[in-house]
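Read off the chains here:
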Amino acid sequence: MKLDSLPPVFRDKNTSEESIVLDKEIEEDDDVVIPVIDLENPNPEKIGGACKDWGMFRLVNHGVPLNILTQLQDHSRDLFSLSFERKQSLFTTPLSYFWGTPALTPSGTALTGVPRNMNWVEGLNIPLGLLAEFGAADNAKLHSFRVLIEEYGGHLAKLASTVFEVMAKNLNLNPQHSKSYLSESTGFVRVYRYPQCSMARESWGMDVHTDSSVISILFQDQVGGLELLKDDKWLKVKPIPHTLILNLGDMMQAISNDEYKSVKHRVKLNKWDERLSICYFVFPAEGGVIQSSKYKPFTYSDFQAQVQQDIKALGYKVGLDKFRVG
Ligand SMILES: O=C(O)CCC(=O)C(=O)O
Ligand SMILES: [Fe+2]
């Protein structure tokens, strides 16, 4: 890892490779087996059960070509290895480059508020609906990244709607409403690098949170660190090559009237390796009102505005509780 590629605030906690190796401990293994959904032959009952009991499951036979996954990883690593200053100047609107927090304003800059612990992460935010504005013709690296992201985004949008259709049927959603509950044009991709950190026990890659999305789909490398909360226990989500992890966000919990869970999750750091993950998020259509008996009618924009206000004022997201009836 090149030290000058890190945001300056992350540099002092990254000691040399040698001292890190001496420090190596064996961590106990408490991996769990989260439900596996085979998309070649999706079983609606199994999907329903996984949504209710876990809020997170693994996708296999998902149809995203392996070469796209590996190329995207390679390209992302290459971009993150650029110097911090270069990344700041290269990733301009509609892309954005952020670090220290995953909470962004709608335009993609890091949201600052009441100071909280720094999240040990840097990332690129890529709104798929604005890819046409992302010219990048004068930069070969960015251009091929854009082409890949476009292809990846197309696959993930299809994947998300396939799974959403099964959920909508399972929940007997009104087809008129459910059309606006998932809108491809709202999708964005986040690419994260979690630098190795010598104080991995004291810092977080990403603090405990739920996603605000309808559906999030994650592609992680082999380093591991993602954990989910189930029955008050933190469980590791083991990296398995070529599989994707789908989790439900707050919008899906509201749409399902709390039948499905927006799962709490977090990312632990690693002392020895940096970690790369690529996440896709998709939301309801602009102006689409979420109707359910447990929540006041609200749009995703209402929700997002409330989240931004809470992060600024309190330092954290309150989330769905702000919209609950009674
Ligand atoms: O990097 C990961 O594994 C998880 C990222 C995440 O939870 C998020 O972006 O909401
Ligand atoms: Fe998340």
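Before going into details, it helps to say that this report is about the structure given with it. (Residues numbered from 1 in each chain as written. Chains lettered and ligands numbered in written order. Predicted model: local features only at pLDDT ≥ 70, side-chain atom pairs only at ≥ 80, totals over all residues.)

1. What to know about the overall build of the chain
Consideration 1: Of regular secondary structure, the chain possesses 8 helices and 15 strands.
Consideration 2: Its C-alpha atoms give the chain a radius of gyration of 19 Å, within 12% of the compact-globule value 20 Å for 326 residues.
Consideration 3: Oriented by its inertia axes, the alpha-carbon framework of the chain measures out at about 55 × 50 × 45 Å.
Consideration 4: The burial tally for the chain puts 38% of its 326 residues in the buried class.
Consideration 5: Relative to all contacts within the chain whose residues are 6 or more apart in sequence, the contacts with residues 24 or more apart total 75%. (Helix = DSSP H or I, 4+ residues; strand = E, 2+ residues; numbered from the N terminus. Rg over C-alpha atoms; globule rule 2.2 N^0.38 Å. Buried ≥ 20, exposed ≤ 12 C-beta atoms within 10 Å, placed from the backbone. Contact = placed C-beta atoms within 7 Å.)

2. Description of the site of ligand 1
Consideration 1: By nearness alone, every residue bordering ligand 1 is listed as P102, R190, Y192, M206, D211, L218, Q220, L226, H265, V267, S277 and C279.
Consideration 2: Of the residues belonging to the shell around ligand 1, the class tally is 7 nonpolar, 3 polar and 2 charged. (Near = placed C-beta within 6 Å. Nonpolar A, V, L, I, M, F, W, Y, C, P; charged D, E, K, R; others polar.)

3. Quick word on the sheet that holds strand β5 (residues 122–127)
Consideration 1: Sheet architecture is open: 8 strands sit in the order β2-β3-β11-β8-β13-β6-β5-β4, paired in mixed fashion. Edge positions in the sheet fall to β2 (36–38) and β4 (96–99), since each has one partner strand and no second. Taken pair by pair, the neighbouring strands of this sheet meet at an average axis angle of 25 degrees, ignoring direction.
Consideration 2: Pairing analysis gives 4 bridges linking strand β8 (residues 215–220) to strand β11 (residues 244–248), with the strands arranged antiparallel. Looking at the pairing, S216 lines up with N247 of β11. (Pairing = 2+ DSSP bridges. Axes fitted to C-alpha atoms, helices over the stretch in contact; angles between N-to-C directions.)

4. Observations concerning the nonpolar core
Consideration 1: Grouped together as the largest cluster of nonpolar side chains are 79 residues, with contacts concentrated most on A160, V189, I215, I217, L246 and V282.
Consideration 2: It is helix α5 (residues 140–170) that contributes the most residues to this core, 11 residues altogether.
Consideration 3: Residues in contact with A160, not counting those within four places in the same chain, are L182, I215, I217 and V282. (Core = buried A, V, L, I, M, F, W, Y, C linked by C-beta atoms within 7 Å.)

5. Regarding helix α2 (residues 44–53)
Consideration 1: Of the positions making up α2, those classed as buried are I47, A50 and C51. In an axial view of α2, the angular spread of the buried residues amounts to 100 degrees, which keeps them on one side of the axis.
Consideration 2: As for α2, its buried residues are in contact with β2, β3 (56–60), α5 and β11.
Consideration 3: At the exit of α2 stands G55, carrying a positive phi of roughly 75 degrees. (Arc of directions from axis to C-beta.)

6. Section: the packing of helix α3 (residues 66–80) against α5
Consideration 1: Interaxial distance between α3 and α5 falls to 10 Å at its minimum, and their mutual angle equals 145 degrees. Taken as a pair, α3 and α5 cross one another with a handedness that is left-handed. Where α3 abuts α5, its residues I68, Q71, L72, H75, D78 and L79 lie against K141, S144, F145, L148, E151 and Y152.
Consideration 2: Split into classes, the residues belonging to the contact of α3 with α5 amount to 6 nonpolar, 3 polar and 3 charged. (Left-handed = near helix turned anticlockwise from the far one by under 90°.)

7. A look at the pairing of strand β6 (residues 183–194)
Consideration 1: Of all 12 residues making up β6, 10 are buried, and the element is well covered by its neighbours.
Consideration 2: Here β6 runs beside strand β13 (residues 275–283); their pairing, made up of 8 bridges, is antiparallel. Each bridged residue has a counterpart across the sheet, and for Y194 the counterpart in β13 is R275.

8. Examining α5
Residue pairs three or four apart in sequence face the same way in an α-helix, which turns once every 3.6 residues.
Consideration 1: Given a rise of 1.5 Å per residue, 31 residues ought to cover 45 Å, and the 45 Å separating the end C-alpha atoms of α5 matches this to within 8%.
Consideration 2: Of the residues making up α5, those classed as buried are F145, I149, Y152, G153, L156, A157, L159, A160, V163, V166, M167 and A168.
Consideration 3: Where α5 ends, the next residue or the one after it, N172, has phi of about 55 degrees, a positive value. (Expected span 1.5 Å × (residues − 1).)

9. Let's talk about the packing of α2 against α5
Consideration 1: Running from N to C, α2 and α5 point in directions that differ by 85 degrees, and their axes come no closer than 10 Å. By the angle class used here, α2 and α5 are roughly perpendicular. Every residue of α5 that contacts α2 at P44, I47, G48 and C51 is listed here: V163, V166, M167, K169 and N170.
Consideration 2: Considering only residue class, the contact of α2 with α5 consists of 6 nonpolar, 2 polar and 1 charged. (Parallel < 35°, antiparallel > 145°, perpendicular 65-115°, else oblique.)

Distances and angles like these do not, on their own, reveal function.
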